[in-house]
Amino acid sequence: MSRLIVVSNRVNPPADTGVGTAGGLAMALSAALREDKGLWFGWSGNTVEHYTGQISMQKVGGVTVALLDLEPQDQNEYYNGYANRTLWPLFHYRSDLVNYERSFDEGYSRVNTRFAETLLPLIAPDDLIWVQDYHLIPLARELQARGVKNRIGFFLHIPWPARRLLKTLPKHGELVESLFDYDLVGFQTEDDCEAFVDFVTHDAPGAEALPDGILRAWGKQIFAKPFPIGIDAQDFADTLTSERAETFHRAMIRSQAGRKMLLGVDRLDYSKGLEERFSAYETLLANNPGMHGNLFLLQIATLSRDEVDAYQDLRNRLDTQSGQINGAYATVDWVPLRYVNRPYRRDELAGIYRSADIGLVTPLRDGMNLVAKEYVAAQDPANPGVLVLSQFAGAAEQMKEALIVNPFSREDVSEAIHRGLAMPLRERRRRWEALYDKVLTNDVSKWRDDFVSCLSDCLPATVAEKEAV
Ligand code: ADQ
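No experiment lies behind these values; they were computed from the predicted model shown.

Tell me about unusual backbone geometry, residues and numbers included.
Backbone geometry at Ala-257 places phi at a positive 50°, although glycine is not the residue there. Summarising the element assignment, Ala-257 is placed in the loop between helix 9 (243-256) and strand 11 (260-267). Assessed through its relative accessible area of 58%, Ala-257 is described here as exposed. The residue Asn-369 is not glycine, and still its phi comes out positive at about 95°. Structurally, Asn-369 can be placed in the loop between strand 14 (358-361) and helix 13 (370-377). Assessed through its relative accessible area of 7%, Asn-369 is described here as buried.

Structure representation (structure tokens):
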């Protein structure tokens, strides 16, 4: 069997303690590589004054990793610049927050070149290379320019934007063309895949969409397909029965003191719809005085990308908004909103999820959203909570038995919370059983196996023919 090399911006498998850095990609990849003899290559997260191109190999949380240090200029232009100030907002439909500068573009190319140069000596002829996410779109082009002939796949963890939006990005054609240097390009949802095909068929020279996801353009051919990501459901179930998860669960139940708990768990990111969620909760409180004192919202929002202005601004606004809600509604013995910025261990989170009556997952745009799946996986089958899920999370394409809401409508979200709180046990169980079945069936191993076997075996004959030429 070929060795798998995974390449991503950051390499941060959670330690065996489960403390890990927040982030769906890290959770999913370490679960996928742990039992594999594969290699995970990427940026260490550290910067050095002068770039050396030296790799350090380590074993972290059971995974072999190869780490590269970058320079401060790389961090500013590539990571904080092109990746998080340009592509992230654009791909999440926030063109108002897009900041494009040529130096970002240059930093993005430079770092992709550095990745290719340092990865090159580690590649054996029959390795499969799997590149992750928007930070590394041009990597296949850079590798091929250095003579790499291996099969290379790409998976996009975030949404693919609508055609007209993408066209606002300078050099968007070049970016899309570089995806045609991969053999297989994977998306989270059918919707994202369709948006990609829509761009290619309308705007790429010589474009042709053939059956089975084969796409031709720029004189090249690729295979484009959705591979919805999942969680490591088995590992999560084991975590749930750990002593720490149970301790946290009991502590939460005690601290609820008979009140219903609504729960949000997110990175502090404008794509997650936190301001809109707080507004919806405020609407619920304003319209239902009888609920005062009988419920609360626990919002865990771990700080993220706090070197980027838009994240600092959001943090300030959320501090104000949470203060206003508590100022307006709290009483001496009731705090309606518990707003927490610190990260929690996975086992602690599992216990917290289990004690929540409503899981609020209301991003304005999200590639998939693993919190929705973790919340479902953590529920007590005899008395499960209700998932309120944004129609704009990729997860909504699969998780139709959740209460699906429009996160831009405070009334819609507030009514769904109300409905969830009043939902009879029988309906809660019926919905949860259907959701849990999907979370178990479509887990992270299936995601990895589907992608890797498609990359290695199942490419359409026409692509195999192309390779033979
Ligand atoms: P993220 O935007 O990071 O991931 P998500 O899928 O929700 O979003 O994953 C978040 C992960 O971080 C979850 O595993 C969650 O448990 C963890 N986490 C969140 N808050 C935490 C906290 N306070 N403490 C500890 N852990 C916390 C990107 C895309 C998503 C896509 C994933 C995977 O933006 O759309 O689902 O990659 O492809």
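We are not done yet, so read on.
If you had to explain the sheet that holds strand 13 (residues 337-340) to someone new, which residues and values would you point to?
Taken together, the 6 strands give an open sheet; going across it, the order is 13-12-11-14-15-16, and neighbouring strands pair in parallel fashion. The open sheet has two free edges, formed respectively by strand 13 and strand 16 (403-405), since each of these has just one partner strand. Averaged over all neighbouring strand pairs, the angle between strand axes comes to 20°, with direction disregarded. The strands that helix 12 (residues 346-354) touches are strand 11 and strand 12 (295-302); relative to strand 11, the one it contacts most, it runs at about 145°.

Describe in detail the site of the ligand, supporting the description with residues and values.
In the vicinity of the ligand lie 27 residues, with His-157, Thr-302, Asp-366, Leu-370 and Glu-374 positioned nearest. Between a nitrogen atom of the ligand and a side-chain N or O atom of Thr-302, the distance comes to 2.3 Å. Here a nitrogen atom of the ligand sits 2.9 Å away from a polar atom, N or O, in the main chain of Tyr-344. Expressed as a share of its isolated accessible area of 720 Å², the protein-covered part of the ligand is 95%.

Account for the sheet that holds strand 7 (residues 184-187), with residues named and values stated.
Read across the open sheet, the 10 strands follow the order 3-4-2-1-5-6-7-10-9-8; overall the sheet is mixed. Since the sheet does not close on itself, it has two edges, and those belong to strand 3 (55-60) and strand 8 (208-210), each with one partner. Across this sheet, the average inter-strand angle for adjacent strands is 25°, counted without regard to direction. The sheet contact formed by strand 1 (residues 4-10) and strand 5 (residues 128-132) spans 4 bridges and is parallel. Residue pairing across strands places Val-7 opposite Val-131, the latter belonging to strand 5. The strands touched by helix 16 (residues 444-456) are strand 1, strand 5, strand 6 (152-155), strand 7 and strand 10 (220-226); relative to strand 5, the strand with the most contacts, the crossing angle is about 130°.

For the domain arrangement of the protein, give the residues involved together with the corresponding values.
Along its sequence, the protein is carved into domain 1 (4-230 + 446-457) and domain 2 (233-441). Each of domain 1 and domain 2 was reduced to a C-alpha centroid, and the two centroids are 30 Å apart. Contacts between the two partners involve 30 residues from domain 1, matched on the other side by 25 residues from domain 2. For the interface between domain 1 and domain 2, the tally reads 1 salt bridge. A salt bridge links Arg-85 to Asp-309, with the shortest nitrogen-to-oxygen separation between them at 3.8 Å. Across the domain 1-domain 2 interface, the total number found is 7 residue pairs in polar contact (both at pLDDT 80 or more). Counting residues per element, the ones that place at least two in the side of domain 1 that touches domain 2 are helix 1 (24-33), helix 2 (72-91) and helix 7 (190-203).

Which residues make up the packing of aromatic side chains, and what are the values?
Describing an aromatic ring pair means giving the distance of the ring centres and the angle of the ring planes. Enumeration according to the criterion identifies 25 aromatic pairs in this entry. Pairing Phe-41 with Phe-115 gives two aromatic rings, centres 5.6 Å apart and planes at 80°, and the pair type is edge-to-face. Residue Phe-41 is located in strand 2 (residues 39-47), and its partner Phe-115 is located in helix 3 (residues 102-119); the two are separated by 74 residues in the primary sequence. Between Tyr-82 and Tyr-108 the ring centres are 4.4 Å apart and the planes differ by 40°, which places this aromatic pair in the tilted class.

Give me the pattern of salt bridges: which residues, what numbers.
Applying the stated criterion across every chain, the model contains 32 salt bridges. Glu-71 is the salt-bridge partner of Arg-114, the closest N and O atoms lying 3.2 Å from each other. With Arg-114 in helix 3 and Glu-71 in the loop between strand 4 (63-70) and helix 2, this residue pair connects regions lying 43 residues apart in the sequence. Both residues of the pair, Arg-114 and Glu-71, count as buried.

Please provide a residue-by-residue account of helix 2, values included.
Here helix 2 contains 20 residues, and its C-alpha end-to-end distance of 25 Å is more than 12% below the 28 Å for a straight helix at 1.5 Å per residue. Largest kink in helix 2: about 40°, centred on Gly-81. Buried residues dominate helix 2, accounting for 17 of its 20 residues.

Explain the packing of helix 13 against helix 15 (residues 425-441) to me, and be specific about the residues and the numbers.
Where helix 13 meets helix 15, the axes come as close as 9 Å, and the angle between the chain directions of the two elements is 120°. Relative to helix 15, the element helix 13 is oriented oblique. As helix 13 packs across helix 15, the resulting crossing turns out to be left-handed. When helix 13 is examined against helix 15, the residues Lys-373, Val-376 and Ala-377 are found in contact with a partner set consisting of Trp-432, Leu-435, Tyr-436 and Val-439.

Which residues make up the confidence of the model for the protein, and what are the values?
Per-residue confidence for the protein gives a mean pLDDT of 93, with 93% of residues at or over 70. Of all secondary-structure elements in the protein, the lowest mean pLDDT belongs to helix 17 (residues 461-468), at 57, while strand 15 (residues 386-390) reaches the highest, 99. Residue range residues 17-22 is modelled with pLDDT below 50. Its contacts to residues more than four positions away, or to other chains, number 11 contacts.

Reading the values: the criteria
Residues numbered from 1 in each chain as written. Predicted model: local features only at pLDDT ≥ 70, side-chain atom pairs only at ≥ 80, totals over all residues. Heavy atoms only, no water. Helix = DSSP H or I, 4+ residues; strand = E, 2+ residues; numbered from the N terminus. Buried < 20%, exposed > 50% of the residue type's maximum accessible area, 1.4 Å probe, protein only. Pairing = 2+ DSSP bridges. Axes fitted to C-alpha atoms, helices over the stretch in contact; angles between N-to-C directions. Contact = heavy atoms within 4.5 Å. Near = heavy atom within 4 Å. Polar contact = N/O pair within 3.5 Å; in protein donor to acceptor, adjacent residues only side chain to side chain. Areas by Shrake-Rupley, 256 points an atom, 1.4 Å probe, with all protein chains shown as cover. Domains from an automatic or database assignment. Salt bridge = Lys/Arg side-chain N within 4 Å of Asp/Glu carboxyl O. Phe/Tyr/Trp six-rings, centres within 6.5 Å; stacked < 30°, edge-to-face > 60°. Expected span 1.5 Å × (residues − 1). Bend = angle between axes of the 7 residues up to and from the residue. Parallel < 35°, antiparallel > 145°, perpendicular 65-115°, else oblique. Left-handed = near helix turned anticlockwise from the far one by under 90°. pLDDT = per-residue confidence, 0-100.

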